[in-house]
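Architecture at a glance
Residues per chain are reported as follows:
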Amino acid sequence: MVRLTRMNGKPLVINALMIESMEETPDTIITLINGKKIMVLEAEAVIMEQVEQFLQRIGAVQATIKSTNTEGL
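Here the focus is the confidence of the model for the protein. The predicted model of the protein has a mean per-residue pLDDT of 86, with 82% of residues at 70 or higher. Looking at the elements of the protein, mean pLDDT is at its lowest for helix H2 (residues 60-70), recorded as 56, and at its highest for strand S5 (residues 37-40), recorded as 96.

What follows is the structure, encoded as structure tokens:
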């Protein structure tokens, strides 16, 4: 989960695994895999950092590395 801020200043928590894409126009628009779009105050780079930290916390990064290392066995 990542903590973000809606355009009206209200906090928002979204599941990072649901993010399909992001774009800055200059506001940041997050498109979820269900098609819903959310505009937030945070810059794309800040969100990417939070997503990376989330994936590390849940072990998704480490699981990918282990899987890649054992494919040839």
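After that view of the structure, there is still more to cover.
Strand order in this open sheet of 3 strands is S3-S4-S5, and the pairing throughout is antiparallel. Bordering the open sheet on either side are strand S3 (19-24) and S5, each of which pairs with just one other strand. If you compare each strand with its neighbour and ignore which way they point, the axes differ by 20 degrees on average. Where strand S4 (residues 28-32) meets S5, 4 bridges bridge the pair, whose relative direction is antiparallel. The residue of S5 that forms the bridge with Ile 29 is Met 39. Across the sheet, helix H1 (residues 44-57) lies against S3, S4 and S5, angled at about 155 degrees from S3, the strand it touches most.

Leu 4, Ile 14, Ile 19, Ile 30, Val 40 and Ile 47 are the most contacted members of the largest nonpolar core, which has 14 residues in total. The set of elements that each furnish at least two residues to this core consists of strand S1 (2-5), strand S2 (11-14), S3, S4, S5 and H1. Tallying contributions element by element places H1 first for this core, with 3 residues. For Leu 4, the residues in contact, after removing those within four places along its chain, are Lys 10, Pro 11, Leu 12, Ile 14, Ile 30, Val 40, Glu 42, Ile 47 and Gln 50.

About the thresholds
Residues numbered from 1 in each chain as written. Predicted model: local features only at pLDDT ≥ 70, side-chain atom pairs only at ≥ 80, totals over all residues. Heavy atoms only, no water. pLDDT = per-residue confidence, 0-100. Helix = DSSP H or I, 4+ residues; strand = E, 2+ residues; numbered from the N terminus. Pairing = 2+ DSSP bridges. Axes fitted to C-alpha atoms, helices over the stretch in contact; angles between N-to-C directions. Contact = heavy atoms within 4.5 Å. Core = buried A, V, L, I, M, F, W, Y, C linked by side-chain atoms within 4.5 Å. Buried < 20%, exposed > 50% of the residue type's maximum accessible area, 1.4 Å probe, protein only.

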